[in-house]
Amino acid sequence: MELFIKTAAGIFFALVLFVILSKQAKDMATILSISVCCMAGMIAFYYLQPVVSFLHTLQEKTGVDSAFFQILLKAVGIALLGETASLICTDAGNSSMGKIVQVLSSAVILWLSLPLLEKLLDLVDGVLDFR
């Protein structure tokens, strides 16, 4: 929790600096924004490590194929990267590019989820055949 508070304070300081720089040097303000996003992303990955460890433990205890958990982790990673890229595009003044990055990341997550959906369909088909 202490790391989160320090990070939030650093982001607030960077925001003040961004406002000052955006009037003088827009390029430097954009670089600052990208740097802060990268730093916050790395800290987010630090907080996600226990979640990955839990999912690994869950996979071992349930005996579910690890490929399904890998799909889940990839989908979360794509969502986080897509959202970050979208916000950076919006900060740079190109909100339409930011929106299309969100659409692209959603499409990739759906594509990535196809094996899970196929397995779900097989499960439903098996239950319906059972009756």
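What comes next concerns the included structure. Owing to the predicted nature of the structure, the values given are computational and were not obtained by experimental measurement.

Reading the values: rules and limits
- Residues numbered from 1 in each chain as written.
- Predicted model: local features only at pLDDT ≥ 70, side-chain atom pairs only at ≥ 80, totals over all residues.
- Heavy atoms only, no water.
- Helix = DSSP H or I, 4+ residues; strand = E, 2+ residues; numbered from the N terminus.
- Patch = residues over 30% accessible without salt bridge, like charges linked within 9 Å, V, L, I, M, F, W, Y side chains within 5 Å.
- Areas by Shrake-Rupley, 256 points an atom, 1.4 Å probe, with all protein chains shown as cover.
- Salt bridge = Lys/Arg side-chain N within 4 Å of Asp/Glu carboxyl O.
- Phe/Tyr/Trp six-rings, centres within 6.5 Å; stacked < 30°, edge-to-face > 60°.
- Buried < 20%, exposed > 50% of the residue type's maximum accessible area, 1.4 Å probe, protein only.

Turning our eyes to something else, we now look at the environment of Ser-66. Tracing the backbone through its elements, the reader meets Ser-66 in helix α3 (residues 66-91). Measuring from C-alpha to C-alpha, the distance between Ser-66 and His-56 comes to 8.1 Å, with 10 residues separating the pair along the chain.

As a further point, take a nonpolar patch on the surface. On the surface, a nonpolar cluster with roughly 810 Å² of combined accessible area is contributed by Trp-111, Leu-114, Leu-117, Leu-120, Leu-123, Val-124, Val-127 and Leu-128. Examining the composition of the nonpolar patch, we find that seven residues originate from one element, helix α5 (residues 114-130), more than from any other. Considering the arrangement of structural elements, one finds Trp-111 in helix α4 (residues 95-112).

This model, assessed by the stated rule, comprises one salt bridge. Of the charged contacts in the structure, one is a salt bridge between Glu-2 and Lys-6, with a shortest N-O distance of 3.0 Å. Highlighted residues: Glu-2 and Lys-6, both in helix α1 (residues 2-24), separated by four residues, approximately one helical turn.

So, about the packing of aromatic side chains. How two aromatic rings sit relative to each other is set out by the distance from centre to centre and by the angle between their planes. Applying the stated criterion to the full structure yields one aromatic pair. Aromatic pair Tyr-46 and Tyr-47: ring centres 5.5 Å apart, planes at 75 degrees, arrangement edge-to-face. For Tyr-46, a relative accessible area of 48% gives the class partly exposed.

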